[in-house]
Each structure stands twice: as C-alpha cells, then as structure tokens.
Amino acid sequence: MNWSTIWSNHGLFTSGLEGTVELAATAVVTGTVVGLLVAAVRTSRVPVLAQLGRLYLEVFRGTPLLVQMLFIYFGAAYQGISNITVYEAALIALTLYEGAYMAEIFRAGIEAVPRGQWEASRVLGLGPVQTFTTVILPQTRTIVLPPLVGQYLSLIKDTSIAVVIGYVELMRQGQAVIDRTSDPVAPYLTVAALYFIICFPLSLAVRRMERKAAPA
Amino acid sequence: MTAIDPEPEARTAVTARIALSGVHKRFGDLEVLKGVDIEVQPGEVVVLIGASGSGKSTLLRIMCDLERADRGEVWVNEVPLHDRKRAPEIFGHVGMVFQQFNLFPHKTALGNVTLALLKVRRLSRKDAEERGRTALARVGLAEKADSYPAQLSGGQQQRVAIARALAMDPAIMFFDEPTSALDPELVGEVTGVMRTLAEEGMTMVVVTHEMRFAHDTADRVVFMDGGIVLEQGTPEQVFGNPAEARTQQFLHRVLET
C-alpha cells in the first residue's frame with residue numbers, strides 16, 4: 001500500500017469524481033421525472049397507458065442495469081445509431097432503471113393519500129393535474145422522501161457500472177491508477193471514500209428534512 | 001314545501017335547483033338505488049334520513065357527481081349530470097362537506113379556504129385571502145386562519161371545511177354525515193353553523209343521523225329505505241305522524257338512543 005501514489009494521481013481522481021457527479025446529478029433529475037410520470041400514469045388507471053407503465057416497470061426492474069447499459073450502448077451502435085456517446089447511453093440506462101424503482105416509491109406515496117382528498121378537490125373544481133400537483137404530491141413528501149433518497153444513494157453508486165462502456169468516472173479512474181501503480185488497496189479505498197463523501201451528506205440532509213417536516 | 005304546482009313537468013325543470021328522476025345505481029351485485037325521484041327548490045333545506053345502506057349517501061354523492069347514476073336523469077343547478085360531457089360544469093359551483101372533513105392537511109385553514117379561489121377562480125392572492133377570511137368569519141373561525149388542520153378540534157376542522165365550500169359561493173351545499181366523525185360535545189358547533197346557513201336561505205341537502213337538527217332545521221325530511229324514497233314531508237309529518245311502518249320502526253330505533 002502506497003498512499004503517495006494517490007496524491008500524485010489526484011488529477012485522475014478529480015476528473016473521475018467530476019464524471020460521477022455529473023452523471024449522478026443528471027440521472028437523479030431525469031430518473032425522478034420518469035418516476036413521477038410513470039407513477040401518475042399508473043395511479044390514473046388510464047387503461048392502455050397504465051398497463052404500458054406496468055410493463056416498463058417489470059422489464060427494467062427484472063433485468064440487471066449492467067445488461068441494460070451494455071444493450072443500450074452496443075445495441076444502439078448495432079442498429080446504426082453510432083453517434084450515441086457513452087455518457088448518453090449511461091444516462092438513458094440509469095434513468096430508465098432507477099426511474100422504475102422511483103415510480104413505485106411515488107406510487108406508494110400517492111396511494112397512501114386518502115381518496116377523500118381527490119374528491120374534495122374535484123368538487124371544488126380543481127382539475128386532475130392541479131389536484132395531483134397542489135394537493136396530492138405535497139402530502140406524499142413524508143412518505144416518499146426516505147425511500148426516494150435511498151434510491152438516490154443507490155443511483156450514485158450505480159453510476160460505477162458505466163465503467164463497462166468506458167465512461168470516465170471514479171471507478172474507471174481508480175482502475176487506471178491501479179494499472180499504473182500495481183497497488184489495488186489505496187486506490188480502491190480512495191474510490192470508496194469518495195463515493196461515501198458524496199452519499200453521506202445526502203443522508204444527513206434528508207434526516208434533517210424529515211425532522212423539520214414532522215410537526216406539520 | 002310540497003306546494004301544488006299547476007304545470008309540474010314544465011315548471012320544475014326550470015325552477016328546481018335539483019331534479020332527479022328514475023335514478024338507479026348499483027355497486028356490483030348490490031343495487032343501492034332502485035329508482036329515485038326527488039326535487040329540491042331554491043332555498044329549501046332537505047334532510048335525508050334512513051338506515052345505513054338505504055342509499056342516502058350514494059344519492060347525495062350522485063348529486064355532486066362523485067358517483068354516476070347508472071340510469072335516470074340528474075339535473076343539479078341546471079347542469080345535466082347524466083350528460084357526461086356537461087357534468088364537470090357542476091364542479092366549483094356546489095359545496096360538499098364530508099364526514100371525514102377531507103381538509104388539506106399541508107395547508108393552513110386559510111390555505112384550505114383559498115386554494116380553489118386561487119386555482120379555479122384565479123383570484124389574486126389579496127382578493128382570495130379577503131374572501132377566505134370572510135368565509136372563516138362566517139363559521140366563527142377568523143382567528144384560526146393560520147392554524148393547520150391537525151392543530152384544530154374536529155368541530156373546528158369541519159367548520160373550516162364548511163368555510164372552504166362557502167368561499168366558492170356555491171348554489172347548493174351538500175352535507176354527507178357532517179357530524180358523524182365528531183365527539184358528541186362538538187356536534188353542536190357544526191349543526192349551529194349549518195342552521196345559520198339554512199336561515200340565510202342556502203339551498204341544502206343533508207344526510208345526517210342528527211334527528212334534532214332534522215326536526216328543527218329541515219323544510220322537508222326524506223326517509224329512504226332499501227334504495228327508494230319511502231316517505232317524505234315536513235318534519236312535523238315525518239317525525240310526528242309517519243305514514244309508513246318502516247319509518248316508524250326507524251325513528252323508534254334512532255330516537256331511543
């Protein structure tokens with residue numbers, strides 16, 4: 001174990017960290033949007049759409065992210081869509097995979113809101129979308145937030161899978177350092193520590209938000 | 001109030017606030033309404049009574065389009081609710097007060113009362129809050145504007161719910177067992193507000209087990225049994241001299257307790 005190699009290669013770790021943060025931050029947003037839309041469609045009980053939503057969930061939760069990412073990247077190239085970048089392929093796979101889990105988290109939250117809230121809103125003249133955004137969603141916060149952030153943490157760590165299609169992120173840069181120094185211990189520990197540094201504040205922030213949300 | 005009308009068919013369709021005819025409703029195998037005809041005139045207070053399962057709540061929910069009749073015509077405030085395209089016109093023009101209050105827990109009393117004024121009526125925040133405070137004052141809760149539902153008693157919550165409906169300036173107010181979820185000592189404050197509304201000339205349809213409220217406030221009491229209107233009349237008629245044996249039995253049971 002040689003810690004001096006970590007500092008001498010800090011440029012690699014920094015660029016890896018940037019790649020990880022960029023992919024994770026974007027996928028958190030896109031995954032949440034997909035999750036919300038799919039949950040809205042599933043709970044709306046619109047015949048064909050609701051079933052399509054279900055099918056999407058089953059497919060993306062029932063297959064490994066690794067396979068999905070390889071399939072999207074190499075599958076696209078095979079279909080002649082050769083201008084897809086590794087970043088785009090990784091983002092699409094992460095969005096669809098994590099979005100499927102988030103859809104179920106949102107659905108559980110939406111269904112926990114009593115039906116009377118929809119009925120009261122309806123008689124008052126609020127439309128379904130207005131009711132969803134102003135009445136229902138705000139009430140799901142305390143139910144949804146803890147598992148949702150849990151999913152965000154998984155997402156951050158799952159970005160490491162993008163190493164298989166060659167996206168430049170923490171994991172890949174860690175391996176590059178190992179190749180240079182032939183010491184696996186310090187680089188892997190560093191990589192792990194950097195993931196932890198991203199994830200831990202998120203856990204703390206949620207705990208604080210939960211405590212704030214409690215009295216209301 | 002059942003005045004004899006010279007041209008019943010033609011006149012009632014125009015003047016009645018609510019006119020239901022031949023209304024049927026079933027939930028799966030259970031036929032809840034088996035052909036109900038009922039009319040409510042402007043300013044009239046009609047109280048629906050009957051055993052649970054008699055169809056009175058379903059009837060009320062059909063009147064505000066929370067349930068659809070399987071058959072029959074439903075006119076409410078000149079909107080034909082049996083016409084699926086036109087039925088949504090009713091929303092925002094009638095008020096509904098639920099047994100479980102159904103207040104928005106994430107909003108203050110004022111936030112509850114102003115939400116639809118802002119989102120549906122599209123009033124400015126200033127105008128909405130002014131109307132909202134007036135509505136809260138009408139139910140005696142002006143000083144609770146900034147309280148959340150969880151900080152209010154059941155009776156206060158139900159009064160906020162009434163204010164929320166009143167703020168929209170409804171043509172009709174519906175009440176679905178508004179006091180059934182309340183502790184006995186809190187019932188009076190809610191029925192008190194309802195009585196004031198009735199005196200002010202609000203058209204009201206009320207499902208309740210509060211026989212004293214029905215007796216003192218109703219213009220007409222409608223007794224439902226097995227999915228039909230079995231008997232109706234003034235409170236004096238229905239309570240004092242019920243024509244049907246089933247009505248007598250029901251009143252005997254509820255007035256005993």
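Residues numbered from 1 in each chain as written. Chains lettered and ligands numbered in written order. Predicted model: local features only at pLDDT ≥ 70, side-chain atom pairs only at ≥ 80, totals over all residues. Heavy atoms only, no water.

*Asks:* Honestly, the sheet that holds strand β1 (residues 18-27) of chain B in this entry has me stumped. Any pointers?
*Replies:* Strand pairing in a sheet takes place through backbone hydrogen bonds and is either antiparallel or parallel in direction. Residue and element names in this part refer to chain B. Spatially, four strands are ordered β2-β1-β4-β5 in an open sheet, and the strand pairing comes out antiparallel. Edge strands, defined here as strands with exactly one partner in the open sheet, are β2 (30-40) and β5 (79-80). Strand direction decides the pairing type here: β1 and strand β4 (residues 71-76), joined by five bridges, are antiparallel. Residue pairing across strands places H24 opposite R71, the latter belonging to β4. Of the strands in this sheet, β1, β2 and β4 are in contact with helix α2 (residues 56-63), which crosses β1 at around 120°. (Pairing = 2+ DSSP bridges. Helix = DSSP H or I, 4+ residues; strand = E, 2+ residues; numbered from the N terminus. Contact = heavy atoms within 4.5 Å. Axes fitted to C-alpha atoms, helices over the stretch in contact; angles between N-to-C directions.)

*Asks:* Please clarify how the confidence of the model for chain B should be interpreted in this entry.
*Replies:* Low pLDDT means the predicted atomic positions in that stretch should not be read closely. Of the residues in chain B, 94% have a pLDDT of 70 or more, and the chain-wide mean is 92. Taken together, the stretch residues 1-13 of chain B has pLDDT below 50 and engages in seven contacts with residues farther than four places along the chain or on a different chain. (pLDDT = per-residue confidence, 0-100.)

*Asks:* Which parts of the structure should I look at to understand the sheet that holds strand β9 (residues 220-225) of chain B?
*Replies:* Residue and element names in this part refer to chain B. The strand order across the open sheet built from six strands is β6-β7-β8-β3-β9-β10, with neighbouring strands paired in mixed fashion. Only two strands of the sheet have a single partner each, and these edge strands are β6 (94-97) and β10 (228-233). When strand polarity is set aside, the average angle formed by the axes of neighbouring strands in this sheet is 15°. Of the pairings in the sheet, the one linking strand β3 (residues 45-49) to β9 comprises four bridges and is parallel in character. By the bridge assignment for β9, I49 is matched with F223. Against the sheet, helix α6 (residues 184-199) touches β3, β7 (172-176) and β8 (203-207), its axis set at about 145° to β8.

*Asks:* When you look at the pattern of salt bridges in this model, what are you seeing that I'm missing?
*Replies:* A side chain of one charge can pair with a side chain of the opposite charge when the charged atoms of the two come close. All names here are of chain A. In this structure the tally under the stated criterion is 16 salt bridges over all chains. In this structure, R42 and E104 form a salt bridge, with 3.1 Å as the shortest nitrogen-oxygen distance. In this pair, R42 is assigned in helix α2 (residues 10-44) and E104 in helix α5 (residues 86-112), connecting sequence segments 62 residues apart. For the pair R42 and E104, a shared accessibility class is recorded, and that class is buried. Between R107 and E104 there is a salt bridge, and its shortest N-O distance comes to 3.0 Å. On the criterion of helical spacing, the pair formed by R107 and E104 is a turn pair, its members being three residues apart in helix α5. Among the residues examined, E104 registers a relative accessible area of 18% and is labelled buried. Taken together, the salt bridges that share partners define one network made up of R42, E104, R107 and E111. (Salt bridge = Lys/Arg side-chain N within 4 Å of Asp/Glu carboxyl O. Buried < 20%, exposed > 50% of the residue type's maximum accessible area, 1.4 Å probe, protein only.)

*Asks:* Hey, could you run me through unusual backbone geometry in this one?
*Replies:* Excluding glycine, a negative phi dihedral is what most residues carry, and trans is how most peptide bonds are arranged. The phi dihedral of E78 of chain B falls on the positive side, at around 70°, and the residue is not glycine. For E78 of chain B, a relative accessible area of 56% corresponds to the exposed category.

*Asks:* Even after reading the chapter, I still don't get the environment of I49 of chain B, so can you show me in this structure?
*Replies:* Considering the arrangement of structural elements, one finds I49 of chain B in strand β3. When the C-alpha positions of I49 of chain B and D225 of chain B are compared, they lie 8.9 Å apart, and in sequence the two are 176 residues distant.

*Asks:* Could you clarify how one ought to interpret α6 of chain B in this entry?
*Replies:* Each full turn of the α-helix corresponds to 3.6 residues, which orients residues three or four apart in the same direction. All names here are of chain B. The first and last C-alpha atoms of α6 sit 23 Å apart over 16 residues, in line with the 22 Å expected at 1.5 Å per residue. Those residues of α6 lying buried are L186, V187, V190, T191, V193, M194, L197 and A198. Along the long axis of α6, the arc covered by the buried residues comes to 150°, so they all point the same way. In α6, those exposed residues whose orientation departs by more than 90 degrees from the buried face are E185 and E199. Lining the buried residues of α6 we find β3, α4 (125-138), α5 (154-166), β7, β8 and α7 (211-217). Phi for G201, located one or two positions after α6, is positive at around 95°. (Expected span 1.5 Å × (residues − 1). Arc of directions from axis to C-beta.)

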